[in-house]
Amino acid sequence: MDWSEAVCFQLLSTYLKGVLPNSVLETLQPYIQEAHSKLAQQFPDVPLKKWPERVRITPPGPTFYVPKVSSAVHAAVTEAVLLGRQIAVHYLAFERKQAKRYVVSPLGLVQFGSVFYVPARFDGHDDVRTLRLHRMSKVELLDTSSGIDQFDLDEWIEAGGMGFGGQEQIELVLRLFDGLGERMREAPLGRNQQLVEESPGVHLLTVTVLQTVQLERWLIGLAPNAVVVAPKALREQMRHHALTLFQRIERR
């Protein structure tokens, strides 16, 4: 194993461990161990050896603790996704105090922040629901097909599957203050984003986006440096959030 391969396996074990099936991880384990051993060798004249120490992936918001997922659960679910099979799973929903057994068709695995989600169809239903991996227990791999080959994960995500309920496309108009517009120029919300400077430090942004709960939470997080100009319904919703926050602060 050369230094480039050792660095690749080191980064793979650090950042992709949760999204790979256990069977694949077991196959890769000897290579990962060899990579660790090679990178532990004392060769200060090899700059690439230091690369894993000099790069990091950090979340855009607060760092949350990663919920614990049973290794047996992870193994069964990832194998089901890999092989296109159904699972029988005990799942603890938010509104329940005890886990309930379901037969579901897992249709993928998505990491969102520190949490892994599984888009799935419950047996006898056609709609796709989102299950949290760490709320699963006693997973049994079944012989029946999940129909995953007829499911487009990217299309589901783009339609708002991970946005907690995708809604219609909207033309979002924001007035941005304190230089926020320049940051949005570097990382646009969409391909058709338009940014006009109205005055020093103040920009008007127009872009077509999918309205989701995640978008609304992001807008709340931008306050007071961003004001929704349109659409009117979203502007009123943001106004309601701001008034509610102000009232709760005043009560204290």
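These figures come from a predicted structure and were not determined experimentally.

## Details of the overall build of the chain
Consideration 1: When you go through the chain residue by residue, the secondary structure sums to eight helices and 10 strands.
Consideration 2: Its C-alpha atoms give the chain a radius of gyration of 23 Å, more than 25% over the compact-globule value 18 Å for 252 residues.
Consideration 3: For the chain, the share of sequence-separated contacts (at least 6 apart) that also reach a separation of at least 24 residues comes to 61%.
Consideration 4: Considering the chain, the positive charge centre built from 28 side chains and the negative charge centre built from 28 side chains are found 10 Å apart.

## With respect to the environment of Arg-101
Consideration 1: Along the chain, Arg-101 falls in strand β2 (residues 100-106).
Consideration 2: Sequence-distant contacts of Arg-101, defined by excluding residues within four places in its chain, comprise Ala-88, Val-89, His-90 and Glu-140.

## Brief notes about helix α8 (residues 232-251)
Consideration 1: Given a rise of 1.5 Å per residue, 20 residues ought to cover 28 Å, and the 29 Å separating the end C-alpha atoms of α8 matches this to within 8%.
Consideration 2: The buried count for α8 comes to two of 20 residues, which makes it a mostly uncovered element.

## Topic: helix α1 (residues 3-15)
Along an α-helix, a turn takes 3.6 residues, which lines up residues three or four apart on a common side.
Consideration 1: The end-to-end C-alpha distance of α1 is 18 Å, a good match for the 18 Å that 13 residues give at a rise of 1.5 Å each.
Consideration 2: Taken residue by residue, α1 has Trp-3, Ala-6, Val-7, Phe-9, Gln-10, Leu-12 and Ser-13 as its buried positions.
Consideration 3: On the buried face of α1, the contacting elements are α2 (22-40) and α3 (51-54).
Consideration 4: The backbone nitrogen of Ser-4 has a side-chain oxygen 3.2 Å away, supplied by the residue at the start of α1, namely Asp-2.

## Here's the deal with the environment of Asn-225
Consideration 1: Relative to the elements of secondary structure, Asn-225 occurs in the loop between α7 (213-222) and β10 (226-230).
Consideration 2: Expressed as a C-alpha distance, the spacing of Asn-225 and Leu-174, which sit 51 residues apart in the sequence, is 9.9 Å.
Consideration 3: Residues within four places of Asn-225 in sequence aside, it is in contact with Arg-175, Leu-176, Phe-177, Asp-178 and Leu-180.

## What about the pattern of salt bridges?
Consideration 1: Applying the stated rule across the entire model yields four salt bridges.
Consideration 2: The residue Arg-85 makes a salt bridge to Asp-143 at a minimum N-O spacing of 3.4 Å. Taken together, the residues span a long stretch of sequence, with Arg-85 in strand β1 (residues 85-91) and Asp-143 in strand β6 (residues 136-145) at a distance of 58 residues.
Consideration 3: Arg-175 is the salt-bridge partner of Glu-198, the closest N and O atoms lying 2.8 Å from each other. With Glu-198 in strand β8 (residues 194-199) and Arg-175 in strand β7 (residues 169-176), this pair connects stretches of sequence that are 23 residues apart.

## Things to note about the pairing of strand β4 (residues 115-122)
Consideration 1: Most of β4 is tucked away: seven of the eight residues are buried.
Consideration 2: With three bridges connecting them, β2 and β4 associate as antiparallel partners. Bridge assignment links Ser-105 to a residue of β4, and that residue is Arg-121.
Consideration 3: As defined by bridge partners, strand β3 (residues 110-112) adjoins β4 across three bridges and the pair is classed as antiparallel. What sits directly across from Val-110, in β4, is Tyr-117.
Consideration 4: If you look at the hairpin formed by β3 and β4, you'll find two residues sitting between the two strands, and Gly-113 has a positive phi there, around 65 degrees.
Consideration 5: Sheet topology places β4 next to strand β5 (residues 129-132); four bridges connect them, and they run antiparallel. Bridging across to β5, Ala-120 finds its partner in Arg-129.

## Considerations on the packing of aromatic side chains
For any two aromatic rings, the description comes down to two numbers: the centre-to-centre distance and the angle of the planes.
Consideration 1: Applying the stated criterion across every chain yields a total of four aromatic pairs.
Consideration 2: Centroid distance Phe-9 to Tyr-31: 5.6 Å. Interplanar angle 10 degrees. Geometry classified as stacked. Taken together, the residues Phe-9 in helix α1 and Tyr-31 in helix α2 connect sequence positions 22 residues apart.
Consideration 3: Ring centres of Phe-112 and Tyr-117 lie 6.3 Å apart, and the angle between their planes is 75 degrees; on these two criteria the pair is classed as edge-to-face.
Consideration 4: In this structure Tyr-117 comes out as buried when scored by relative accessible area, which is 5%.
Consideration 5: Just above the ring of Phe-122 sits the side chain of Arg-129; from NZ or CZ to the centre is 4.7 Å.
Consideration 6: The side chain of Arg-135 reaches across the aromatic face of Phe-94, ending 4.0 Å from its centre.

## Observations concerning a negative patch on the surface
Consideration 1: A cluster of acidic side chains, namely Asp-152, Asp-154, Glu-155 and Glu-158, defines a negative patch on the protein surface.
Consideration 2: With respect to the element layout, Asp-152 can be found in the loop between β6 and α5 (153-158).
Consideration 3: With relative accessibility at 39%, the residue Asp-152 sits in the partly exposed group.

Cut-off values and rules
Residues numbered from 1 in each chain as written. Predicted model: local features only at pLDDT ≥ 70, side-chain atom pairs only at ≥ 80, totals over all residues. Heavy atoms only, no water. Helix = DSSP H or I, 4+ residues; strand = E, 2+ residues; numbered from the N terminus. Rg over C-alpha atoms; globule rule 2.2 N^0.38 Å. Contact = heavy atoms within 4.5 Å. Lys, Arg positive; Asp, Glu negative; His and termini not counted. Charge placed at Lys NZ, Arg CZ, Asp CG, Glu CD. Expected span 1.5 Å × (residues − 1). Buried < 20%, exposed > 50% of the residue type's maximum accessible area, 1.4 Å probe, protein only. Polar contact = N/O pair within 3.5 Å; in protein donor to acceptor, adjacent residues only side chain to side chain. Salt bridge = Lys/Arg side-chain N within 4 Å of Asp/Glu carboxyl O. Pairing = 2+ DSSP bridges. Phe/Tyr/Trp six-rings, centres within 6.5 Å; stacked < 30°, edge-to-face > 60°. Lys NZ or Arg CZ within 6 Å of the ring centre and 35° of its normal. Patch = residues over 30% accessible without salt bridge, like charges linked within 9 Å, V, L, I, M, F, W, Y side chains within 5 Å. Areas by Shrake-Rupley, 256 points an atom, 1.4 Å probe, with all protein chains shown as cover.

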